[in-house]
Amino acid sequence: MQLPSGSTVPAVENETQLRALLGGLSGVDAVGAEARAAKLATRSLKKSTKLAALDLAISMVDLTTLEGADTPGRVTSLCTKAMHPDPSDSGVPHVAAACVYPDLVAHARHVLGASPVKVAAVATSFPSGRASLNVKLLDVREAVSAGADEIDMVIDRGAFLSGRLGQVFDEVVAVKEACGSTHLKVILETGELVTYDNVRRASWIAMLAGADFIKTSTGKVGVNATLPTALVMLEAVRDFAETTGVVVGVKVAGGIRSAKDALRYLVVINETVGSAWLSPDRFRFGASSLLNDLLMQRLKQRRGVYVRPDEFSGD
Amino acid sequence: MSDELTNSQLGAMAYDPAPESASIARIKPAYGLFINGEFSDPSSHEAFVTLNPATEEPLASVAQASTADVDRAVYAARRAYDTVWSKTTGAERSKYLFRIARIIQERSRELAVVETLDNGKPIRESRDIDIPLAAAHFFYYAGWADKLDHAGFGPDPKPLGVAGQIIPWNFPLLMAAWKLAPALAAGNTCVLKPAETTPLSALILAEILQQAELPEGVVNIITGDGSTGAALVDHPGVDKIAFTGSTEVGRLIQQRVATSHKHLTLELGGKGANIVFEDAPIDEMIEGIIDGIFFNQGHVCCAGSRLLVQESVADDVLRRLIRRVDQLRVGDPLDKNTDVGAINSAAQLARIKELTAYGEEEGATRYTSTCSLPDKGYWFAPTVFADVSQSHRIAREEIFGPVLSVLTFRTPEEAVAKANNTNYGLACGVWSEKGSRTLWVAERLRAGVVWANTYNRFDPTSPFGGVRESGFGREGGRHGLEAYLNV
Amino acid sequence: MSEDRLDVRKTYKLLINGAFPRSESGRSYEVTSAKGEFLANVAQGSRKDVRDAVVAARAAQSKWWAQSAYNRGQVIYRLAEMAESRRDELAEHVRLGEGLASKKAKVSVSRAIDRIVWYAGWTDKIAQILGSSNPVAGPFFNFSVPAPSGVVGVLAEQDSSLEAFVNAVLAPIAVGNTVVAVASEKRPTPAVLLGEMTATADFPAGLLNIVTGFTGEVAPTLASHEDVDGIDLTGVDEAFADELAQLAAGSIKRVLRPGPSEDASLRRLRAFVEISTVWHTIGQ
């Protein structure tokens, strides 16, 4: 990284400064990045490594329901599952968070009670982000006051793609301020940014603006999390940590349905940023159906035979 | 820097062993010579043992072909040429080659395991690179056999006759494919000699040729040491010699055939420069440097064994490079997670040790990977030398091992001058996001292959081969046919 | 098989987008052997079937071209494998339809299969024959590469039911086009069989679409369709070809007029190929 190495996040006072900082970033060669991700995807996790990785992945899940048809009943089921993914086995860890729309935060908070499972809310007019800043901030504040531990915001992709990078930065700063001590995940919606160069720049804008996590996707567009995109984002958090001393987490979301996929992400973490990110504090999977596959593979490892999907609740 | 960060360890998640099963290989205790479509004992009844370099355990006993055996093989090839192969249409040759390609695909896992056992290379590479590429090579040249009129060498180009082919130990099956596929497509018959330390996959290939019902004698595979190769080179019944190996041996071969009628192509050594400009895509470039020198333990003639870095980014590149070198997983080649396997032989290991000792003597700064090495077998930890000068032996001589020499430059002209300051000329790499300059540099590099923002890429459609003392003739692509046509 | 067993007969259908529908029109027509004996009721494709086939071919084209040339070669070679395994069946249909002696029909099928193999080998070589690097005067790297025209309509030859069909449809496919083919009107069954084989040869849906029926009825739709990039008029007479060529001009289609069809020359491979040239500066 060509940025100056220091122990603090460089101050960004205007768009010119921001552009200068981003200008120092190296480009990403798409062929090379995809080849690297594909090579890491061939790693083979066996036996105790696999068991530990499956449990780690379960603990990293943000169990998510983000549908227009969500109801308190649906959220109750989700939160129950989040606390006890496999009620028949107390050795199964709880997931990291339950992720819901802002209007259901209070209900989720109520169901989760004193559980260590966090409540995450998607705010800022998720998923499109097409609203005024005031509306977005109100969305965030309401979610925070309803008891959200974590806010998943979306960046303004329109602003990013039309070159208004300062606006993207300022919005993240404003949302961070509205969050107060609430943990902020910034969704880049990489499927709409399209290029890896854009993903790297957007990652840096979010981190410079104070993101606690950078997140790939809303899960609501055609292209969601991919392994090479996650690789590029992990390289960004690695370089940001080296440059500023600030450790930012990564969340991958959308389309991750199998344990096999999830383990591949853990390998990429392991070999790109290392052990500090192999923790729910630093890495999350935004997913719904993934959890059951993790549970199935976990049971398969223990029983030695493939198990039925009906072993686990459909919640 | 925060504690959390300094405590973060790359690759801290240990991977349990994930070994591929060695029994997939189905290696026989002993192999004869494959002459005229069947395995037979050598006239001398002499044999040698091929070892697994990762364990030093014997894998199989292999026949030592004598001059008389070479004679028998060349005679078989000649008779097959005269009576069968020269009368077989291009369309029929094509279908034989497609069959071979398909059977290689069908038996790919077995071949991958054999290759890894015999050579020491990681199973990931033999499985994902060597074997698929070997099949692809047959597939590609299969398609040429019935299209020679379109290959750009004039109408109805003719084969040369009997080709004697000598291949090295670094990519045993792939090199056999590189040699046999174009030769057969063009209508030649072959006598192939695999390397002494890695004969097994070629002998499995002989079984595959039997399964494909290739007419007897069209391909003969004879095992042996250098004396077998010399007998093949000297045999008057051979019309063409194709050799891949060291420049030292290539020079001897050229001398020996200089006054004969024999056609010759040579694919020899290299000291490839990987040139890194300050605007290179940094993460992919680091991976490319790693692939360039640690792929196949650095036993690659086109390896990017010299890293030329623009001074303005040299410190950052070196720091990242060393961090990455430490992450390489060195060990059991059959383990699916191994990145760097065993050195192929005791002799090669001694050679690497000798040359790296010079590196330190001459004042270069040595960095050796912190990986632990197995107790048995031939191993060499990935090594990087910084502060290397053009005059150092490690910058001039081909080490053929997992050893990288790092030099710096200031301008594109200086990069080109340093890259070209060698008697070799096989391959170079250029890393930059600026296409115009990459092409400027590529035009000026004296190398048969230039990779831009990638390294060690191979494809049957792409010609490969060297200039200057890296040899002459091309393998792969349309140009690869020329080596086996009388044009 | 015992003599007194009643055969299970096959319904001969269209091939559109990887599926085997009857004609949307619900029509069929009677196909007879060369001796005039009933062979089958074959789907009589309509203009709307052609329309659907073009939509399928268009959707498949970018995906087919995005596959590596090596991969495309493997897919076509796989078709040869499938055809080889159903060689006798193909030969029987060629024999009945073309009225050939059994041995001649077999030879014809063998040639057709070898022709498939020939095309399989072209996918990764055509760029090396039709492409070039061009030594322009100036500091530029200049190279030309062939690319497919896009969606190609094929009016297959009427007499040679398999060989000519293979030759006509696989040439555009080998160079990256997708195809809507109208099979020989009187002898459509070998083409239908070949279409069935594509389903087990990893052909992506929409790569080869086959419409059976009356060439005169559907050809104008194909020739005038503005989302068809090229048309091979081999299967129609000169007068009809003139008419169709006029229609094709409406959207500047590449047109291959009837000509020698049995030779394995580059004529067909070149017919539906575009050449794209790239200039790139060279400088420090």
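Residues numbered from 1 in each chain as written. Chains lettered and ligands numbered in written order. Predicted model: local features only at pLDDT ≥ 70, side-chain atom pairs only at ≥ 80, totals over all residues. Heavy atoms only, no water.

Chemist: Honestly, the interface of chain A and chain B in this entry has me stumped. Any pointers?
Modeler: Frequently, the measure chosen for interface size is the accessible area that the parts lose on association. Counting residues at the interface gives 39 residues for chain A, matched by 41 residues for chain B. A combined buried area of about 3,300 Å² lies between chain A and chain B, and 43% of that area is made up of carbon and sulfur atoms. When the buried area of chain A at its contact with chain B is split by residue, Arg 43, Glu 242 and Asn 270 of chain A rank highest and sum to 17% of it. Across the pair Glu 242 of chain A and Arg 319 of chain B runs a salt bridge, and its minimum N-O distance is 3.3 Å. The interface formed by chain A and chain B contains 20 residue pairs in polar contact (both at pLDDT 80 or more). Of all elements in the fold, only α2 (30-40), α3 (47-59), α11 (227-244) and α12 (259-272) of chain A reach the threshold of two or more residues within the side of chain A that touches chain B. (Contact = heavy atoms within 4.5 Å. Buried area = accessible area lost by both parts, 1.4 Å probe. Salt bridge = Lys/Arg side-chain N within 4 Å of Asp/Glu carboxyl O. Polar contact = N/O pair within 3.5 Å; in protein donor to acceptor, adjacent residues only side chain to side chain. Helix = DSSP H or I, 4+ residues; strand = E, 2+ residues; numbered from the N terminus.)

Chemist: I would appreciate a short explanation of the nonpolar core in the present structure.
Modeler: Inside soluble globular proteins, nonpolar side chains tend to come together where they are buried. Counting 168 residues, the largest nonpolar core has Leu 170 and Leu 269 of chain C as the members making the most contacts within it. With residues near it in sequence (within four places) discarded, Leu 170 of chain C still touches Ile 76, Leu 79, Ile 116, Tyr 119 and Phe 203 of chain C. Among the nonpolar cores identified, the runner-up in size contains 110 residues, and Phe 160, Leu 227, Leu 278 and Leu 299 of chain A belong to it. (Core = buried A, V, L, I, M, F, W, Y, C linked by side-chain atoms within 4.5 Å. Buried < 20%, exposed > 50% of the residue type's maximum accessible area, 1.4 Å probe, protein only.)

Chemist: Explain the environment of Thr 226 of chain A to me, please; I cannot follow it from the model alone.
Modeler: With respect to the element layout, Thr 226 of chain A can be found in the loop between β6 (213-215) and α11. With 10 residues separating them in the primary sequence, Thr 226 of chain A and Thr 216 of chain A have C-alpha atoms 8.5 Å apart.

Chemist: In this structure, what is going on with helix α5 (residues 123-145) of chain B? I would like to understand it.
Modeler: In an α-helix, one turn spans 3.6 residues; hence positions three or four apart end up facing the same way. Across its 23 residues, α5 of chain B extends 32 Å between first and last C-alpha, which sits within 8% of the 33 Å expected from 1.5 Å per residue. Extensive coverage of α5 of chain B is indicated by the burial of 20 of its 23 residues. (Expected span 1.5 Å × (residues − 1).)

Chemist: It is not clear to me how the sheet that holds strand β4 (residues 140-148) of chain C should be interpreted in this structure. Could you clarify?
Modeler: Taken in spatial order, the 3 strands make up an open sheet running β3-β4-β10 (chain C), and their pairing is antiparallel. Sheet topology places β3 (132-133) and β10 (273-281) of chain C at the edges, where each strand pairs with a single neighbour. Taken together, the 9 bridges between β4 of chain C and β10 of chain C define a ladder with antiparallel strand orientation. In the strand pairing of β10 of chain C, Ala 147 of chain C is matched with Glu 274 of chain C. In this fold helix α15 (residues 435-444) of chain B packs onto β4 and β10 of chain C, with an angle of close to 90° to the strand it touches most, β10 of chain C. (Pairing = 2+ DSSP bridges. Axes fitted to C-alpha atoms, helices over the stretch in contact; angles between N-to-C directions.)

Chemist: For this particular structure, what's the right way to read the confidence of the model for chain C?
Modeler: Low pLDDT means the predicted coordinates in that region are not meant to be read closely. Residues of chain C with pLDDT of at least 70 account for 98%, and the chain-wide mean is 96. Scoring of the predicted complex yields 0.96 for pTM and 0.95 for ipTM. (pLDDT = per-residue confidence, 0-100.)

Chemist: I would appreciate a short explanation of the interface of chain B and chain C in the present structure.
Modeler: On the chain C side, the residues contacting the 29 residues of chain B number 23 residues. The junction of chain B with chain C conceals about 2,300 Å² of combined surface from both sides, 59% of it contributed by carbon and sulfur atoms. For the chain B face of the interface with chain C, the top three residues by lost area are Arg 102, Lys 147 and His 150 of chain B, together amounting to 25%. At the junction of chain B and chain C, the tally comes to 2 salt bridges. Residue Asp 114 of chain C is joined to Lys 95 of chain B by a salt bridge in which the shortest nitrogen-to-oxygen separation is 2.8 Å. Where chain B touches chain C, the interface holds 12 residue pairs in polar contact (both at pLDDT 80 or more). Taken together, the residues of the side of chain B that touches chain C break down into 10 nonpolar, 8 polar and 11 charged. (Nonpolar A, V, L, I, M, F, W, Y, C, P; charged D, E, K, R; others polar.)

Chemist: Please clarify how the packing of aromatic side chains should be interpreted in this entry.
Modeler: Pairs of aromatic rings are described using the distance from one ring centre to the other and the angle between the two planes. Per the counting criterion, the structure on display carries 27 aromatic pairs over all chains. Ring geometry for Trp 204 of chain A and Phe 240 of chain A: centres 5.4 Å apart, planes at 80°, overall edge-to-face. Of the two residues, Trp 204 of chain A is situated in helix α10 (residues 196-208) and Phe 240 of chain A in helix α11; the sequence distance between them amounts to 36 residues. This pair shows no difference in class: Trp 204 of chain A is buried, exactly as Phe 240 of chain A is. Relative to Tyr 141 of chain B, the ring of Tyr 140 of chain B lies with its centre 5.0 Å away and its plane at 80°, an arrangement referred to as edge-to-face. Three or more aromatic residues joined by ring pairs make a cluster, and in this case those are Tyr 140, Tyr 141 and Trp 144 of chain B together with Trp 118, Tyr 119 and Trp 122 of chain C. Residue placement shows Lys 300 of chain A over the ring face of Tyr 306 of chain A; its charged tip is 4.8 Å from the ring centre. In this arrangement the basic side chain of Arg 437 of chain B is found over the ring face of Phe 277 of chain B, its NZ or CZ atom lying 4.3 Å from the centre. (Phe/Tyr/Trp six-rings, centres within 6.5 Å; stacked < 30°, edge-to-face > 60°. Lys NZ or Arg CZ within 6 Å of the ring centre and 35° of its normal.)

Chemist: Help me understand the state of the cysteines, please; the structure alone is not making it clear to me.
Modeler: Should the sulfur atoms of two cysteines be covalently bonded, the bond is a disulfide. As enumerated under the stated definition, the model contains 0 disulfides over all chains in all. No disulfide involves Cys 79 of chain A; its nearest neighbouring cysteine sulfur is the one of Cys 99 of chain A, lying 11 Å away. Judged by its relative accessible area of 0%, Cys 79 of chain A falls in the buried class. Cysteine Cys 428 of chain B shares no disulfide, and the gap to the nearest cysteine sulfur, in Cys 302 of chain B, comes to 11 Å. (Disulfide = S-S within 2.5 Å.)

Chemist: What's the story with unusual backbone geometry in this structure? I'm lost.
Modeler: One can expect most non-glycine residues to show negative phi and most peptide bonds to be in trans. For the bond running from Phe 126 of chain A to Pro 127 of chain A, omega is 0°, close enough to zero to count as cis. Relative to the elements of secondary structure, Pro 127 of chain A occurs in the loop between β3 (118-122) and α6 (133-145).

Chemist: I'm lost on the pattern of salt bridges in this one. Help?
Modeler: Residues and elements named next belong to chain B. Scanning the model with the defined rule gives 75 salt bridges over all chains in all. Here Glu 20 makes a salt bridge to Arg 109, at a shortest N to O gap of 2.7 Å. Residue Glu 20 is found in the loop between α1 (3-7) and β1 (30-31), and its partner Arg 109 is found in helix α4 (residues 108-119); the two are separated by 89 residues along the sequence. Between Glu 92 and Lys 95 there is a salt bridge; the shortest N-O distance is 3.2 Å. In this pair, Glu 92 and Lys 95 are both assigned in helix α3 (residues 90-106), 3 residues apart and thus about one turn of the helix distant. According to the relative accessible area criterion, Glu 92 is partly exposed, its value standing at 35%. The exposure class assigned to Lys 95 is partly exposed, which follows from its relative accessible area of 25%.

Chemist: Teacher, can you tell me more about the packing of helix α2 (residues 69-85) of chain C against helix α4 (residues 102-120) of chain C here?
Modeler: When two helices pack together, their arrangement is given by the angle between their axes and by how far apart the axes lie. Residues and elements named next belong to chain C. Taken N-terminus to C-terminus, the directions of α2 and α4 make an angle of 170°; their axes are 8 Å apart at the nearest point. Looking at the two axes, α2 sits roughly antiparallel to α4. Residues Gly 73, Ile 76, Tyr 77, Leu 79, Ala 80, Ala 83 and Glu 84 of α2 pack against Ile 113, Ile 116, Val 117, Tyr 119 and Ala 120 of α4. A breakdown of the residues in the contact of α2 with α4 according to their chemical character gives 10 nonpolar, 1 polar and 1 charged. (Parallel < 35°, antiparallel > 145°, perpendicular 65-115°, else oblique.)

Chemist: Sorry, what's going on with the sheet that holds β6 of chain A here?
Modeler: Picture the strands of a sheet paired through backbone hydrogen bonds; they go either parallel or antiparallel. Spatially, β1-β2-β3-β4-β5-β6-β7-β8 (chain A) is the arrangement adopted by the 8 strands of the closed barrel, whose pairing is parallel. Taking each pair of neighbouring strands and ignoring which way they run, the sheet shows an average axis angle of 25°.

Chemist: Got a minute to help me understand the side chain of Asn 142 of chain C in this structure?
Modeler: Residues and elements named next belong to chain C. Residue position: Asn 142 is located in strand β4. Within the structure, the side chain of Asn 142 is placed 2.5 Å from the side chain of Asn 134, a separation counted as a polar contact. Among residues more than four places away in sequence, those in contact with Asn 142 are Ser 132, Ser 133, Asn 134, Val 136, Thr 277, Val 278 and Trp 279.

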